[in-house]
Amino acid sequence: MIFDTLKPQVETIISTETTTTDEKLLSICELLEAHIEYYNWVGFYFKNGDKNELKLGPYVGAPTDHTIIPFGKGICGQVAVSNENFVVPDVSAQDNYIACSITVKAEIVIPIFVNGENIGQIDIDSNTPDPFSEADERFLEFVCEKVAAIL
């Protein structure tokens, strides 16, 4: 399973002492996008200070205009409020979806918790319809736990 081979690489990125947090996050994005064929856009969003909005962090994939997302808006904004994973097999079926690209067919968003507080999330868009499984969720939860340890 590809996820089992990626876990030690994520841990190595996280434990590298010579890189900044943003460099580590970007390396994780690059790793996932390069090795999981249906991960077409991989990025992090974080709570923007005391504001009820998310701010785009490191990412790989097509440029996005969505650098700030209000809580409750879109899939990412909904996860900021619900504190729960959100798997969208078909973005066209979502009323509250913010379209980033016409090629995106599915999305998965997993929150990042530090001391029980939702401080951000990993967001993945796929150009493949309904590609995400429970294995993706568990793997991305692992990634988020590792990321939380350096935030």
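Preceding this section is the structure that the text describes.
Model, not experiment: these values are computed from the prediction. Within any chain, residue numbers begin from 1 and follow the written order of that chain's sequence. Side-chain atom pairs in this predicted model are given and counted only at pLDDT of 80 or more, local residue features only at pLDDT of at least 70, and totals for whole chains, interfaces and linings cover all residues. Side-chain measures here rest on the full set of heavy atoms in the structure, leaving out hydrogens and waters.

**Quick notes on the packing of aromatic side chains**
Short version of the rule: Pairing of aromatic rings covers Phe, Tyr and the six-membered ring of Trp, with a centre-to-centre limit of 6.5 Å; geometry is then stacked below 30 degrees between planes, edge-to-face above 60, and tilted otherwise. Where helices and strands are cited, they refer to DSSP runs of H or I of at least four residues and of E of at least two residues respectively, numbered from the N terminus. Only protein chains enter the accessibility calculation, which uses a 1.4 Å probe; a residue whose area is less than 20% of its type maximum is buried, one above 50% is exposed, and one in between is partly exposed. In this scheme, the term charge over a ring applies when either NZ of a lysine or CZ of an arginine sits within 6 Å of the ring centre and within 35 degrees of the ring normal.
Going through the model one piece at a time under the given rule, you end up with 8 aromatic pairs. Measuring from centroid to centroid gives 6.0 Å for Tyr-38 and Phe-132, while their planes differ by 65°, and the two rings are edge-to-face. Separated by 94 residues along the polypeptide, Tyr-38 in the loop between α2 (21-35) and β1 (41-47) and Phe-132 in the loop between β6 (117-126) and α4 (134-148) bring together distant segments of the chain. Summarising the aromatic geometry, the rings of Tyr-39 and Phe-132 are spaced 6.0 Å apart at their centres and angled 55° between planes, so their arrangement reads as tilted. Of this pair, Tyr-39 sits in the loop between α2 and β1 while Phe-132 is found in the loop between β6 and α4, placing the two residues 93 residues apart along the sequence. Residue class for Tyr-39 comes out buried when judged on its relative accessible area of 0%. Here the basic side chain of Lys-7 rests over the ring of Phe-142, its NZ or CZ set 5.0 Å away from the ring centre.

**Looking at the pairing of strand β5 (residues 106-114)**
As a reminder, the rule being used: For two strands to pair, DSSP has to find at least two bridges joining them.
Counting buried residues in β5 gives 7 out of 9 residues, a clear majority hidden from the surface. Relative to β5, strand β4 (residues 86-88) runs antiparallel, the two being bridged by 3 bridges. In the strand pairing of β5, Val-88 is matched with Glu-107. Note: β5 against β6, 9 bridges, orientation antiparallel. Looking at the pairing, Phe-113 lines up with Asn-118 of β6. Counted between consecutive antiparallel strands, the loop separating β5 from β6 contains 2 residues, among which Asn-115 sits at a positive phi close to 55°.

**Points about the state of the cysteines**
Put simply, the rule is: Cysteine sulfur pairs qualify as disulfides if the two atoms are within 2.5 Å.
Tallied over the full model, the rule gives 0 disulfides. Take Cys-144: it sits in no disulfide, and the sulfur closest to it among the cysteines is that of Cys-29, at 11 Å.

**Side note on the nonpolar core**
Here is the rule we go by: The criterion is simple. A nonpolar core is a set of buried Ala, Val, Leu, Ile, Met, Phe, Trp, Tyr and Cys residues joined through side-chain atoms within 4.5 Å. By definition in these notes, contact holds between two residues if any of their heavy atoms fall within 4.5 Å.
Ile-28, Leu-32, Tyr-39, Phe-44, Ile-122, Phe-139 and Leu-140 are the most contacted members of the largest nonpolar core, which totals 32 residues. Every element with two or more residues in this core is listed here: α1 (2-15), α2, β1, β5, β6 and α4. Ranked by the residues each element gives to this core, the list is headed by α4, at 7 residues. The residues touching Leu-32, leaving out its near neighbours within four places in the chain, are Leu-6, Tyr-39, Val-42, Ile-122, Phe-139 and Leu-140. Trp-41, Leu-56, Ile-69 and Val-104 belong to the second-largest nonpolar core, a separate cluster that totals 16 residues.

**Considering the sheet that holds strand β3 (residues 68-70)**
Using the following cut-off: With axes taken as lines fitted to C-alpha atoms, and helix axes fitted only over the stretch in contact, angles between N-to-C directions fall between 0 and 180 degrees.
Spatially, β3-β2-β1-β6-β5-β4 is the arrangement adopted by the 6 strands of the open sheet, whose pairing is antiparallel. Every other strand in the sheet has two partners, leaving β3 and β4 as the edge strands with one partner each. The average undirected angle you get between the axes of adjacent strands in this sheet is 25°. The sheet contacts of α2 involve β1, β2 (53-60) and β6, and relative to β2 the element is tilted by about 65°.

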